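# Summary of structural features
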Amino acid sequence: YEQRGQAERALKLYRDIFNRNPRNHNYYTRYANQLFKQELYSELEMVIHRYLESKPRNETALIDLGKLYYLRGDTTLAQQYWQENWEKRNYSQSYTRLLFNCLISLKEYDQAEDIIRQAREHYHRPDLFAIELANFQMMRQNYLESAEEFLLFGRQNPRNSRYISNRILQFPLDSALFYSVDS
């Protein structure tokens, strides 16, 4: 139904299967995503809280609750909520990655970069999340920064060189960019 554009029918099925097994992560994720798409925030809040009752440490749901606050217009509450949970999880790398991707989806690019910077400082690893940041910078057309992050990623594991080469070859053909990246 979702692929056919019948969102209401898809939502009804997601609601039914989630209600039968509210602990199932896949059911929760599909249902919550559909509620986000349809901007059914009241129902979404109930679903998130119900899921968190059985799985209070689930990072996806925790990020979703902050995203819900953000989309409702309470960006301060969302930021505080994300920060508190990030600290409670001792800057968990999986939580960091989920938050980074969430902020990108919300077009909060500066905050997304800041999350990576903070995680790198916390772990004392300047190469942490290099591939995520490389792809992010490439998306933003910051090719020099992207190349630097790809090189950090390559130093982590030299077997990544083919992937890195292929990604850098996707940069635009521009002589000024070439000389910057080459240097």
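Here, the structure is the one placed above.
No experiment lies behind these values; they were computed from the predicted model shown.

With that settled, the discussion passes to the nonpolar core. Formed by 42 residues in total, the largest nonpolar core has its most connected members in Tyr-28, Leu-44 and Trp-82. Elements supplying a minimum of two residues to this core: α1 (7-20), α2 (25-38), α3 (41-54), α4 (59-71), α5 (75-88), α6 (93-105), α7 (109-123) and α8 (130-139). Looking at this core, the element that brings in the most residues is α4, giving seven residues. Apart from the residues within four sequence positions on either side, Leu-44 is in contact with Ala-32, Leu-35, Phe-36 and Leu-68. Formed by 11 residues, the second largest nonpolar core is a distinct cluster that contains Ala-147, Phe-150, Phe-153 and Ile-164.

The computed volume of the largest pocket comes to approximately 210 Å³. At four residues, helix α11 (residues 175-182) tops the list of elements feeding residues into the lining of the largest pocket. Broken down by class, the residue content of the lining of the largest pocket amounts to eight nonpolar, no polar and two charged. For the second largest pocket, the calculated volume is near 180 Å³. Of all the secondary-structure elements, those providing two or more residues to the lining of the second largest pocket are α2, α4 and α6. In terms of residues, the lining of the second largest pocket owes the most to one element, α2, which gives five residues. Partitioned by chemical class, the residues of the lining of the second largest pocket number six nonpolar, four polar and two charged.

The rules behind the values
Throughout, a residue's number is its position along its own chain's written sequence, starting from 1. The model is predicted, so local features are restricted to residues of pLDDT at least 70 and side-chain atom pairs to those at 80 or more, both for listing and for counting; the totals for chains, interfaces and linings are taken over all residues. Only hydrogens and water are set aside; all other atoms, that is, all heavy atoms of the structure, feed into the side-chain values. Nonpolar cores are built from buried Ala, Val, Leu, Ile, Met, Phe, Trp, Tyr and Cys residues. Side-chain atoms within 4.5 Å join them into one set. Burial classification: accessible surface area is computed with a 1.4 Å probe over protein chains only, and a residue below 20% of its type maximum counts as buried, one above 50% as exposed, and the rest as partly exposed. Elements are defined by DSSP. Helices are runs of H or I of four residues or more, strands are runs of E of two residues or more, and each kind is numbered from the N terminus. Every residue pair with non-hydrogen atoms within 4.5 Å of one another is taken to be in contact. Think of a 1 Å grid over the protein atoms and nothing else: a 1.4 Å probe that fits but is trapped marks a cavity, an open set flanked by protein within 12 Å on at least five of seven lines marks a pocket, and residues with an atom within 4 Å of a point count as lining. Grid points are joined across faces, edges and corners, and a volume is the space filled by probe spheres set on the points. Throughout, the ten residues Ala, Val, Leu, Ile, Met, Phe, Trp, Tyr, Cys and Pro are labelled nonpolar, Asp, Glu, Lys and Arg are labelled charged, and all others, Gly among them, are labelled polar.

Honestly, it's all geometry; don't read function into it.
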